[in-house]
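Structural characterization, general
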Amino acid sequence: MAFLSQILVPSSSSVKIFSIIAVIFLSHNVAAVTPATNKTTRAVFTFGDSTMDTGNNDYIISIVKSNFPPYGRDFVGGKPTGRFSNGKVASDFVAEIFGVKKILPAYLDPKLQLQDLLTGVCFASAGSGYDPLTAKLLSVLSLSDQLNLFKEYKSKINAAVGNERTATLLSKSLFVLSIGSNDLALNYFSTPLRSAHYDIPAYTDFLLELASNFFQELYALGARVIGVASMPPIGCVPAQRTLGGGIERACDETENQAAIIFNSKLSALIDSLNKRLPEAQLIYVDIYNPLLSIIQDPAQYDLQWWIKDAVEQELLSSGLCVTKTPRVLATMRPSTYSGMAFIPQKQLTGSSPLQY
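Counting restarts for each chain: residues are numbered from 1 in the order of the written sequence. The model is predicted, so local features are restricted to residues of pLDDT at least 70 and side-chain atom pairs to those at 80 or more, both for listing and for counting; the totals for chains, interfaces and linings are taken over all residues. Think of the side-chain values as coming from all heavy atoms in the structure, minus any hydrogens and water.

**Details of the pairing of strand β3 (residues 225–229)**
Across the 5 residues of β3, 5 count as buried, placing the element largely inside the fold. The two faces of β3 match: Val225, Gly227 and Ala229 on one face and Ile226 and Val228 on the other face are all buried. Relative to β3, strand β2 (residues 174–178) runs parallel, the two sharing 4 bridges. Within the sheet, the bridge partner assigned to Phe175 lies in β3 and is Ile226. One requirement defines pairing of two strands: DSSP has to find at least two bridges between them. Comment: elements are numbered from the N terminus, with helices defined as DSSP H or I runs of at least four residues and strands as E runs of at least two. In this structure, β3 lies alongside strand β4 (residues 281–285), joined through 5 bridges in parallel fashion. Paired with Val228 across the bridge in β4 is Tyr284. Only protein chains enter the accessibility calculation, which uses a 1.4 Å probe; a residue is then buried when its area is under 20% of its type maximum, exposed when over 50%, and partly exposed in between.

**Thoughts on the sheet that holds β2**
Read from one edge of the open sheet, 4 strands run β1-β2-β3-β4, paired in parallel fashion. Looking at which strands have only one partner, the edges of the open sheet turn out to be β1 (44–48) and β4. Averaged over all pairs of adjacent strands, the angle between their axes in this sheet comes to 20°, without regard to strand direction. Helix α6 (residues 143–161) rests against β1 and β2 of the sheet, and its axis sits at about 155° to β1. Note on method: axes are straight lines fitted to C-alpha atoms, helices fitted across the in-contact stretch only, with angles between N-to-C directions ranging 0 to 180 degrees. For this analysis, residues touch if any pair of their heavy atoms sits within 4.5 Å.

**Some details on helix α3 (residues 90–97)**
Most of α3 sits inside the fold, with 7 of its 8 residues counted as buried. Taken as a whole, α3 has its buried residues at Ala90, Ser91, Asp92, Phe93, Val94, Ala95 and Glu96. Among the residues trailing α3, Gly99 stands out with phi positive, at a value near 70°.

**Concerning the confidence of the model for the protein**
Counting all residues, the mean pLDDT for the protein is 79, and 73% of those residues have values of 70 or more. Contacts for the low-pLDDT stretch residues 1–18, under 50 throughout, to residues beyond four places or in other chains number 60 contacts. The predictor attaches a confidence to each residue, called pLDDT, with possible values from 0 through 100. Low confidence marks residues 311–356, where pLDDT is under 50. Its contacts with residues over four positions away, or in another chain, come to 105 contacts.

**Quick look at unusual backbone geometry**
Note that the residue after Pro69, namely Pro70, is joined by a cis bond; omega there is 5°. Phi at Ser139 is positive, roughly 55°, even though this residue is not glycine.

**Structural notes on helix α8 (residues 181–188)**
Of all 8 residues that make up α8, 8 are buried, and the element is covered over most of its length. Residues of α8 that are buried: Ser181, Asn182, Asp183, Leu184, Ala185, Leu186, Asn187 and Tyr188.

**Here we look at the state of the cysteines**
Note that a disulfide, as used here, is simply two cysteine sulfur atoms within 2.5 Å. The final tally for this structure, using the stated rule, is 1 disulfide. Through a disulfide, Cys236 is tied to Cys251; the S-S separation comes to 2.1 Å. Around the S-S axis, the bridge from Cys236 to Cys251 shows a dihedral of about 115° and counts as right-handed. Taken as a pair, Cys236 in the loop between β3 and α11 (238–244) and Cys251 in the loop between α11 and α12 (253–276) lie far apart in primary sequence, 15 residues in all.

Next up, the structure:
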């Protein structure tokens, strides 16, 4: 376990160096491809890893925490909130874009009231993955755990407003999943626990089977509109470039190819499920290509200074120092959020930029 605390935990944060860019693309892609839903969304429910977690890990025993400065320094109140960011995360952006509420609370927050529950909550847990072993390595909520919490949530709402109103609420809500990066970066490519038994095609098949089961269970529980984020270019985050990119710290193409293989299969799975499940609207959200475009040519987005700053600070820590990685995240000021939000919003919706 000492190995995990020294290598995996810092790398988990490192995988999220570009997460704020990813979450903006995620939220705006979902908004762009579901225009009809935008007017009728009753609630937002999110699942996944630290790109979505709004604080659930604060309420479990885990080594994956963000309850210390500088996390949260640009959030309302300037204090850590359990989000792996200096401000908001994807869950918050999605809820705000769909006009539900500005902040999506963590389901495990004991202060939640009924009205909070009726407009949606976050079930995500930083460090999680499709693979239950990924969550077990870091003692976080697995995807099955998150689904069980949703079942508990549904029982509470049934008791409060009745089965019929609950079914209507869920059918008119948006569900979003962003997960998978940790399965590759922290599990497959960092330990022999899966790579000794699976090659990349076989492991991605294994992940797809787990993903398929999750989508079908969520559908059976009443979800109808489900946005699913692809994996990002894992090999291009600073820690992976430090560990596998050679002296020039190039992107690790092996890890990127694994993400591409998974994404291709995920897209096909979503197409298949949309045909098989009569009322389903599963939406594949491409995170990989927009992020890769920014990484390869940040100047076209006027982000070259931000990429340089993030990579240089991560180089100092070699992707292995817990105290350095949050400082990289903390370099993203509110103005940085607004600048990055403008790019995808203008491209995808033609509307004015989202202001943090």
